[in-house]
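A closer look at the structure
Each chain, written out:
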Amino acid sequence: MKVYRSLQQLPVFTNAVVTIGTFDGVHLGHQQIIRQLCAEAKENGGESVLISFYPHPRKIVQPERYIPELTTLEERIELLKQQGLDNLVVVPFNKEFSQQTAQQYIKNFLVDRFHPSLIIIGYDHKFGNNREGDYRLLEKMGEEYQYSVKEIPQQLRNEVIVSSTKIREAIAIGDVEKANQLLGYSYFFRGYVVEGNKLGRKLGYPTANLQIQDADKLVPANGVYAVQAQIEGESGILKGMMNIGTRPTVDGTTKTVEVNLFDFEEDIYNRHLKVFVKYHLRNEVKFDGLDKLIEQLHKDKEISISKLADN
Ligand SMILES: Cc1cc2nc3c(=O)[nH]c(=O)nc-3n(C[C@H](O)[C@H](O)[C@H](O)COP(=O)(O)O)c2cc1C
Ligand SMILES: Nc1ncnc2c1ncn2[C@@H]1O[C@H](COP(=O)(O)OP(=O)(O)O)[C@@H](O)[C@H]1O
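Under an unreviewed UniProt entry, the name given to the protein chain is Riboflavin biosynthesis protein, and the source organism is Lacibacter sediminis. Per UniProt, the comment on the protein chain under Function (unreviewed entry) is "Catalyzes the phosphorylation of riboflavin to FMN followed by the adenylation of FMN to FAD." Listed under Sequence similarities (unreviewed entry) in UniProt, the entry text for the protein chain is "Belongs to the ribF family."

Read around the closed barrel, the 6 strands follow the order S7-S8-S11-S10-S9-S12; overall the barrel is antiparallel. Mean inter-strand twist for the sheet, computed between neighbouring axes without regard to direction, equals 45°. Sheet topology places strand S8 (residues 208–211) next to strand S11 (residues 256–261); 2 bridges connect them, and they run antiparallel. Looking at the pairing, Ala208 lines up with Val259 of S11. Packing of helix H3 (residues 73–80) onto the sheet brings it into contact with strand S7 (188–194) and strand S12 (272–282), and relative to S7 it is tilted by some 130°. Its contacts with the sheet put helix H8 (residues 176–183) on strand S9 (223–231) and S12, and the angle it makes with S12 is roughly 120°.

A few words on the layout of surface pockets. Quantified by volume, the largest pocket comes out at close to 1,200 Å³. In this structure, the largest pocket is lined by 41 residues; those nearest its centre are Thr22, His56, Pro57, Lys126 and Arg131. Listed by contribution, the elements that provide at least two residues to the lining of the largest pocket are strand S2 (16–20), helix H1 (28–43), helix H2 (57–61), helix H4 (95–98), strand S5 (116–122) and helix H7 (154–172). At 6 residues, the largest contribution of residues to the lining of the largest pocket is made by H7.

Moving on, we get to the pattern of salt bridges. Within this structure, the stated rule accounts for 17 salt bridges. Taking the shortest distance from any N to any O, the salt bridge between Arg190 and Glu78 comes out at 3.2 Å. Taken as a pair, Arg190 in strand S7 and Glu78 in helix H3 lie far apart in primary sequence, 112 residues in all. A salt bridge links Arg247 to Asp251; its shortest N-O distance comes to 4.0 Å.

Now for the packing of H7 against H8. Two numbers describe how H7 lies on H8: the axes approach to 8 Å, and their chain directions differ by 155°. Classed by the angle they form, the pair H7 and H8 counts as roughly antiparallel. When you trace H7 past H8, the crossing you get is left-handed. Judged by residue contacts, Ser163, Lys166, Ile167, Ala170 and Ile171 of H7 engage Lys178, Ala179, Leu182 and Leu183 from H8. Residue classes in the contact of H7 with H8 are distributed as 6 nonpolar, 1 polar and 2 charged.

So, how was this worked out
Residues numbered from 1 in each chain as written. Chains lettered and ligands numbered in written order. Predicted model: local features only at pLDDT ≥ 70, side-chain atom pairs only at ≥ 80, totals over all residues. Heavy atoms only, no water. UniProt positions renumbered as here; feature names shortened; annotations may be inferred. Pairing = 2+ DSSP bridges. Helix = DSSP H or I, 4+ residues; strand = E, 2+ residues; numbered from the N terminus. Axes fitted to C-alpha atoms, helices over the stretch in contact; angles between N-to-C directions. Contact = heavy atoms within 4.5 Å. 1 Å grid on protein atoms, 1.4 Å probe; cavity = no way out; pocket = protein on both sides within 12 Å on 5 of 7 lines; lining within 4 Å. Points joined across faces, edges and corners; volume = space filled by probe spheres on them. Salt bridge = Lys/Arg side-chain N within 4 Å of Asp/Glu carboxyl O. Parallel < 35°, antiparallel > 145°, perpendicular 65-115°, else oblique. Left-handed = near helix turned anticlockwise from the far one by under 90°. Nonpolar A, V, L, I, M, F, W, Y, C, P; charged D, E, K, R; others polar.

This is the structure we're talking about:
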């Protein structure tokens, strides 16, 4: 997959078959749309092109409406690479771009930059200043500019909308099993390993304290999870357990994300850890002393090992 991050460096596409969207999460619904896009491109003897925008148009047009994202841009690119697409174009989105009229967007952006032979789009896709452009306008202008338009079946389109929202909601309440089912892979995030208060190793459970650097990334609900993890730059997959929360037994105020890795003893301060969130085990509890907490950690480890056995 070729990735273009600016409009200046675009090649002349042959017979471009195009779809447009954010594709946050690249979940099963998105994957189906991309399969259809690739199949149509093949049938037309053309190239598949997925057009996406960064930052998310909503952040520019409605900055007050904050919605955390399932994937950072780099993660989205990483996932899209696995989908068999020929081209991904990440269009820098800004106020000026958003203020093009719908007609200008079609003529100056879609037609002049991509020369599409086919545009595949949801029936409810809106574009141009004040979201004035829609499917009908695309169809109408297609006669003049010689492209056709195909609708992503309404059923699939609805599923895509529903599942993006559903996945966010599931992760936000800790139901990662459901989220993972809808994603078609395990939800993951990256964190930078920082120092904590060095209590972990005294308890017999050292924990890598993770700083999540992308402010827009959706962090799962507070709770205890069985996870897999990968130290950035290394290929091995480690198993472990994670706590997200305020650690009411010892602290109770600052939110932390920390991972205890099984059968592991290395110093990984200042490294990046990619964490795959596999199973939700329980909510965070305020224990009556550290001994009770340690007792529970033994149980958490046992359950994690048995749940992760098939992974
Ligand atoms: C799997 C796991 C589950 C945990 N569950 C709880 C909990 O329910 N309540 C709590 O107060 N702390 C919980 N902790 C947090 C421990 O209190 C924490 O690991 C300890 O404070 C070490 O912190 P440090 O890494 O800053 O030294 C959990 C930690 C892990 C790794
Ligand atoms: N099994 C392990 N799981 C996680 N981190 C480990 C493990 N073994 C060693 N470490 C290292 O120890 C650190 C955690 O020790 P801990 O006593 O909890 O200190 P801190 O409070 O600084 O996190 C981790 O950041 C990592 O560098």
